[in-house]
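Listed here are the chains, written in short residue letters.
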Amino acid sequence: MSHVGAPLRSVALLTGGVIAVSVLTLTGCGSGEEEETARPVPQDIAPAARDRIADGGTLRWAVDTMPATLNTFQADADSTTGRIAGAVLPALFTLDERGRPQRNPDYLESAEIVETEPKQVVLYKLHQQAVWSDGREIGAPDFAAQWRALGGKDSAYWTARNAGYERIEKIERGASDLEVRVTFNRPYADWRALFTPLYPKDVMGKPDTFNDGARTKLPVTAGPFQVKALDTKAGTATLARNPRWWGRPAKLDALVLRAVPRAQRPAALAAGTVDLAEVDRATADRIALAARKGVAGPARDGSAAPSAPAPASAVPPGSGPAAAGAGAGAPQDVRAPAALTAEQKALRGFVVRKSLEPAYTQLALNGESGPLADERVRRAVARALDRRELAESVLKPLGLPAHPVGSHLALAGQWAYADSSGALGDQDTEEAQALLADAGWTPGGARKPAAPKDGTKAGAGASAAASRPAAPGAAAASPAARAAQSRADRPSNEGLYIVGDDKPASAGPASGAAATGGSDRTYVLAPAPVEAVQGALLRQARAVGDTDADNANNADKAKGGVPGAYAPRGTAAPGPASPSAKAAAAGPLGKDGKELSLRFVLPSGPGSESLRAVGGRIARMLERIGIRTHVVKVSDESYFKDHVAAGDYDLALYSWPATAYPATDGRPIFAKPQPATDGSLLVEQNYTRVGTDHIDQLFDQAAGELDEKAARELVKQADARIWAAAGSIPLYQRPQLVAVRPAVVNAGAFGFATPRYEDIGFQRR
């Protein structure tokens, strides 16, 4: 049993001895492409000078949920909480386009370390006009109240995190009311992370207002906007221009954050209820297709909608084909053709702005128990992965740079970024197989099944067949039964699927389904009246380019993939098998009569198609070295809480957001789990349950190192150790796709940079 600490970084989301690596050489040698790839992708926000922006107007911005709290320091704070705080509360330091903290001149005239001996002292000089919305000056009492609330000494405050605040010894007024002196009891390199956001003493001064009062209201603020209303019934949070704001006035009259689930965003955009929304690949493809068939042009900053060909995912979500492992089982769209046509036409009024999100997707390997408790098996899994192929499958179709992430603690362009993946090594099938053999997993190690009866397949197919629910009414050997079994094997929202099973490749579509494409067929499962519209959209998409499923299938054919792997139904068997394919065909590995199989848990929701596609590719890669993968799909609501955080998985895919303060924010994610007094395991945020004392020591040293170059080297060493432990494998930086009206400026795909809310608006006509 494991205990999970309170979250520090939101999941988007939902990641003994060193084998064959000398301790002295764990310095994180890169891949040789570090200089080439360590550049951030520019943000795409249609930048405009303030004199080109109209005064007034309301921007309606889609968010995932209504905020559970307005207090960012509580455990249930989410991305909407952070967005509101960014617009209404002081941020002493914000991030630039390279993810580096920069002093915010709206609040600070200066902030610097003025003493290091005998103790570190930071002196803040506040902006002379910085006041709260009630007219009171921002000053030392606000800093002190926040320190006492988050310092960890008063258990009456229900705080989720206190990193850095526990290092403060005292806070006092400086030479004037505009100066604040903060003295630390031990050195703290990430001091810029503190007091952002800064809450008024009215919130932080008492446990009641901290715990309950700030959940639903913020009567006192100090940003370009202030909270006007939270309407939980309508699902909106309305921010109005702050009349006491001393900086450049907000261009918008109001900013309305509207809760719109991802699956409903195409309809919300088409209906005109939102002006800006982060969208998935399928919706971006629909907008690109609508632009090509209609009148919509490029964004005002010259950037175009996704340059990739619009694939079959341009069909309305849930009503079109499912790419390999993507989108299958999504709710079917049963609207009338006229409604679908009108919605597609309305999407012409939007463009897609794209960049890379400041977050990376990783493969997490649960090292608490089972085969993955052995570091050699974890390293074998990692060495089986072609991370570049995985990155390209997600990013290349979008026209975005497709470089695998080389660090757990920073992203390309950030000061702390260094490719330390060399501490683990690149993809190497033979090395992966050797590691498994050294761990005792051999082709003859699995228990032999009983002789087949009544036509049941022997070997892997038999055990897989036994583990799958039979199709209703299926007969053992009839063609109809095989077709029914094929339909049952297709991914759905819930269930268990085993990579490596022999599945009928000739099974046709379900009755009433429409087929598109050639030998690699894709089926549109929808009521007959809707098929005509879907077919037209599919033909348009096919005319522009191939589907993701086509690309994935062609790549597998070129590489000599394994028959029966997790691939689109109808995929033909490849030609001559590679050595790794022959090894896989010999059967799964085993030890002491037990088969080597891993439980791969993935989310089933309509917004997780890309994640499932990546999961399918990973499963095929592992199959090539003899590891069977049981793919289990669970609801989005339970995926992280009930599976990842609870440790109920062997393999999982989820993302961590980037941070400008890796020594502080990285430690709880990679800290070595510690036994609790009740015998359970306290994992903090280390959901892989893999860590070492040395990694913890390196984080502690980096957090206390005031020399930036020395701190960077310590972070690099910690990252190399994390790679070598093989508990989590960074794959790729996530794409950021934002649908927006072309007239909206200074907003879109922000990348690393903190939004300047006062500069967002509509282009002047």
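Definitions and cut-offs
Residues numbered from 1 in each chain as written. Predicted model: local features only at pLDDT ≥ 70, side-chain atom pairs only at ≥ 80, totals over all residues. Heavy atoms only, no water. Helix = DSSP H or I, 4+ residues; strand = E, 2+ residues; numbered from the N terminus. Buried < 20%, exposed > 50% of the residue type's maximum accessible area, 1.4 Å probe, protein only. Axes fitted to C-alpha atoms, helices over the stretch in contact; angles between N-to-C directions. Parallel < 35°, antiparallel > 145°, perpendicular 65-115°, else oblique. Left-handed = near helix turned anticlockwise from the far one by under 90°. Contact = heavy atoms within 4.5 Å. Nonpolar A, V, L, I, M, F, W, Y, C, P; charged D, E, K, R; others polar. Salt bridge = Lys/Arg side-chain N within 4 Å of Asp/Glu carboxyl O. Pairing = 2+ DSSP bridges. Phe/Tyr/Trp six-rings, centres within 6.5 Å; stacked < 30°, edge-to-face > 60°. Core = buried A, V, L, I, M, F, W, Y, C linked by side-chain atoms within 4.5 Å. Expected span 1.5 Å × (residues − 1). Polar contact = N/O pair within 3.5 Å; in protein donor to acceptor, adjacent residues only side chain to side chain. pLDDT = per-residue confidence, 0-100.

**Structural notes on the overall build of the protein**
On a plain count of helices and strands, the protein comes out with 22 helices and 26 strands. Burial status across the protein gives 54% buried among its 765 residues.

**Examining the packing of helix α21 (residues 693-703) against helix α22 (residues 708-725)**
At their nearest, the axes of α21 and α22 sit 9 Å apart, and the two run at 160° to each other. Between α21 and α22, the angle is such that the two are roughly antiparallel. Where α21 crosses over α22, the two elements pack in a sense that is left-handed. Every residue of α22 that contacts α21 at H694, I695, L698, F699, Q701 and A702 is listed here: A711, L714, V715, Q717, A718, R721 and I722. Among the residues making up the contact of α21 with α22, the classes are represented as nine nonpolar, three polar and one charged.

**Comments concerning the pattern of salt bridges**
Using the criterion set out here, one finds 32 salt bridges in the structure. A salt bridge links D106 to R756; the shortest N-O distance between them is 3.2 Å. Pair noted here: D106 is in the loop between β4 (101-103) and β5 (108-115) and R756 is in the loop between β25 (744-745) and β26 (761-762), with a separation of 650 residues, a long-range link. The exposure class assigned to D106 is buried, which follows from its relative accessible area of 13%. Its relative accessible area of 32% is what places R756 among the partly exposed residues. Across the pair R617 and E389 runs a salt bridge whose closest N-O atoms are separated by 3.4 Å.

**Side note on the sheet that holds strand β8 (residues 179-184)**
With antiparallel pairing, the four strands of this open sheet are ordered in space as β5-β6-β8-β7. Each end of this open sheet is capped by a strand with a single partner; those strands are β5 and β7 (168-173). Each adjacent strand pair in this sheet contributes to an overall mean axis angle of 15°, direction not counted. The pairing of β5 with strand β6 (residues 121-126) spans six bridges and is classified as antiparallel. Bridge pairing links E115 to V121 in β6. Relative to β7, helix α3 (residues 140-150) is tilted by about 160°, and along the sheet it contacts β6, β7 and β8.

**Brief notes about the side chain of D650**
Mapping D650 onto the fold places it in the loop between α18 (636-644) and β21 (651-657). In this view, D650 contacts A364, L365, N366, L372, S597, L598 and R599; residues no more than four positions away in its chain are not counted.

**Notes on unusual backbone geometry**
Looking along the chain, the bond that leaves E117 and enters P118 is cis, with omega of 0°. Along the chain, P118 falls in the loop between β5 and β6. With an omega of -5°, the peptide bond between T196 and P197 qualifies as cis. Along the polypeptide, P197 turns up in the loop between β8 and α4 (201-204). For R689, which is not glycine, the phi dihedral falls at a positive 60°. Residue placement: R689 occurs in the loop between β23 (681-682) and α21. On the basis of relative accessibility, which here comes to 6%, the residue R689 falls in the buried class.

**Things to note about the packing of helix α10 (residues 387-395) against helix α17 (residues 609-623)**
Running from N to C, α10 and α17 cross one another at 155°; their axes reach a closest spacing of 10 Å. Classified by the angle between their axes, α10 and α17 sit roughly antiparallel to one another. Considering how the two elements wind past one another, α10 and α17 form a crossing that is right-handed. Where α10 approaches α17, its residues E389, L390, S393 and V394 are matched on the opposing element by S610, V614, R617, I618 and M621. When its residues are assigned to classes, the contact of α10 with α17 shows five nonpolar, two polar and two charged.

**Here we look at the packing of aromatic side chains**
In total, this model carries 20 aromatic pairs according to the counting rule given. Consider the rings of W61 and F750, whose centres lie 6.2 Å apart with planes at 20°: the pair is stacked. Of this pair, W61 sits in strand β2 (residues 58-63) while F750 sits in the loop between β25 and β26, and the two are 689 residues apart along the sequence. Since its relative accessible area comes to 4%, W61 is described here as buried. Using a relative accessible area of 9% as the deciding quantity, one classes F750 as buried. Taken together, the ring pairs in this structure connect F73, F93, Y124, F143, Y165, W191, F195 and Y199 into an aromatic cluster.

**A few points about the nonpolar core**
By size, the foremost hydrophobic cluster in this structure holds 93 residues, and its most contacted members are L363, I618, L653 and L731. Every residue in contact with L363, bar those within four places of it in the chain, is listed here: V381, L385, F600, I618, L651, A652, L653, G727, S728, I729 and L731. Judged by nonpolar contacts, the second largest core, of 73 residues, contains L59, W61, Y124 and W245.

**So, α22**
Its 18 residues place the ends of α22 26 Å apart at the C-alpha level, agreeing with the 26 Å of an ideal helix rising 1.5 Å per residue. Considered for burial, the residues of α22 that qualify are A711, L714, V715, A718, D719, A720, R721, I722, W723, A724 and A725. Buried residues belonging to α22 abut α9 (375-384), α10, α19 (662-665), α20 (667-670), α21 and β24 (728-740). The opening residue of α22 is D707, an N-cap whose side-chain oxygen sits 3.1 Å from the backbone nitrogen of K709. Just past α22, the residue A726 takes up positive phi, approximately 55°.

**Focus on the confidence of the model for the protein**
This prediction gives the protein a mean pLDDT of 79; 71% of its residues lie at or above 70. In this model residues 1-37 is a low-confidence stretch, pLDDT under 50, and it forms 97 contacts with partners more than four residues away in sequence or in other chains. A low-confidence stretch, residues 295-332 (pLDDT under 50), is modelled with 119 contacts involving residues beyond four sequence positions or located in other chains.

**Focus: the pairing of β7**
Sheet topology note: the β7/β8 ladder contains five bridges and is antiparallel. Residue E172 lies in a different strand from β8, and its bridge partner there is R181. Linking β7 to β8, which pair antiparallel, is a turn of five residues.

**Examining α10**
When you tally the buried positions in α10, you get seven out of nine residues, the bulk of the element. Taking the backbone nitrogen of R388 as reference, a side-chain oxygen 3.3 Å away marks D386 as the first, capping residue of α10.

**Digging into the environment of G399**
Tracing the chain through its elements places G399 in the loop between α10 and α11 (429-438). The class of G399 is partly exposed, set by a relative accessible area of 47%. Considered as a pair, G399 and K354 are 45 residues apart in the sequence and their alpha carbons are 9.2 Å apart.

**Description of the environment of V690**
Looking at where V690 falls in the secondary structure, it is placed in the loop between β23 and α21. Judged by its relative accessible area of 12%, V690 is buried. Separated by 21 residues in sequence, V690 and I669 place their C-alpha atoms 9.9 Å apart. The residues touching V690, leaving out its near neighbours within four places in the chain, are L365, G367, R378, F670, P673, A725 and G727.

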